[in-house]
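# Examining the three-dimensional arrangement
Residues per chain are reported as follows:
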Amino acid sequence: QVQLVESGGGLVQAGGSLRLSCAASELTFMGWFRQAPGKEREFVAAISRISGRTYYADSVKGRVTISRDNGKNTVYLQMNSLKPEDTAVYYCAARSRVRLGVSGQDDYDYWGQGTQVTVSS
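All residue numbers here refer to positions counted from 1 along the written sequence of the relevant chain. A pLDDT threshold of at least 70 governs which residues receive local features in this predicted model, and a stricter bar of 80 or more applies before side-chain atom pairs are shown or counted, although totals over entire chains, interfaces and linings include all residues. The side-chain figures draw on all heavy atoms in the structure; neither hydrogens nor water molecules are used.

## With respect to the overall build of the protein chain
- Segments assigned H or I by DSSP are reported as helices when at least four residues long, segments assigned E as strands when at least two residues long, and all are numbered from the N terminus. Across its full length, the protein chain holds zero helices and eleven strands.
- The N-to-C order of helical and strand elements in the protein chain reads β-β-β-β-β-β-β-β-β-β-β.
- For this measure, only C-alpha atoms enter the radius of gyration; the expected value for a globule follows 2.2 Å times N^0.38, where N is the number of residues. By the compact-globule yardstick of 14 Å for 121 residues, the protein chain fits well, its C-alpha radius of gyration being 13 Å.
- Across its three principal directions, the C-alpha atoms of the protein chain cover 40 × 30 × 25 Å.
- Type-normalised accessible area, obtained with a 1.4 Å probe on protein chains alone, sets the label of each residue: buried when under 20%, exposed when over 50%, and partly exposed for intermediate values. Counting only residues that meet the buried cut, the protein chain has 43% of its 121 residues in that class.
- Contacts are residue-level and defined by heavy atoms, with any inter-residue pair within 4.5 Å sufficient. Considering only contacts in the protein chain between residues 6 or more positions apart, those separated by 24 or more positions represent 55%.
- The positive charge centre, built from 14 side chains, and the negative charge centre, built from 11, are 5 Å apart in the protein chain. Neither His nor the chain termini are counted; the positive set is Lys and Arg, and the negative set is Asp and Glu. One atom stands in for each charge, and that atom is NZ of Lys, CZ of Arg, CG of Asp or CD of Glu.

## Examining the packing of aromatic side chains
- Two aromatic rings, drawn from Phe, Tyr or Trp (for Trp, its six-membered ring), form a pair once their centres lie within 6.5 Å of each other, and the interplanar angle then sorts them: stacked below 30 degrees, edge-to-face above 60, tilted otherwise. If you walk through the whole model with that rule in mind, you get six aromatic pairs.
- Ring centres of Phe29 and Tyr55 lie 5.8 Å apart, and the angle between their planes is 50°; this geometry places the pair in the tilted category. With a gap of 26 residues between them, Phe29 in strand E4 (residues 29–35) and Tyr55 in strand E6 (residues 54–56) connect regions that are remote in the sequence.
- Judged by centre distance (6.2 Å) and plane angle (40°), the ring pair of Phe29 and Tyr108 falls under tilted. With Phe29 in strand E4 and Tyr108 in the loop between strand E9 (88–95) and strand E10 (110–111), this pair connects stretches of sequence that are 79 residues apart.
- With relative accessibility at 7%, the residue Phe29 sits in the buried group.

## Let's talk about the layout of surface pockets
- For the largest pocket, the calculated volume is near 150 Å³.
- Both site types are read off a 1 Å grid over the protein atoms alone. A 1.4 Å probe that fits but cannot get out defines a cavity, while an open set with protein on both sides within 12 Å along at least five of seven lines defines a pocket; lining residues have an atom within 4 Å of a point. Lining the largest pocket are Thr28, Phe29, Ser48, Ile50, Tyr55, Arg95, Arg97, Val98, Arg99, Leu100, Gly101 and Val102. Grid points are joined across faces, edges and corners, and a volume is the space filled by probe spheres set on the points.

No statement about biological role is implied by the geometric values presented.
Have a look at this one:
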């Protein structure tokens with residue numbers, strides 16, 4: 001059974017930074033999504049653990065960096081210059097099969113339990 005274990009959420013002031021972590025083994029492609037209250041879950045970023053190629057949503061580009069440490073089987077989401085509109089539950093996602101898409105929920109097979117990020121103004 002594949003498990004994705006997230007950590008690193010919390011409360012931060014606007015302009016601050018947070019780093020989320022997601023531990024998972026033997027999964028080649030991983031991503032982060034977020035869901036704000038009353039809104040649909042949306043893509044944030046993704047990374048190929050083999051090539052290191054990264055993908056970002058336009059709304060976070062320049063403020064967010066996704067990276068991986070294959071030795072620790074962990075993917076990170078470094079978020080800087082946080083805004084109140086970044087407040088959401090952040091979900092780690094992963095897949096074990098090759099797919100063309102990277103930003104749709106259907107592009108992923110496994111999900112973490114979510115971690116709350118709250119940005120105060």
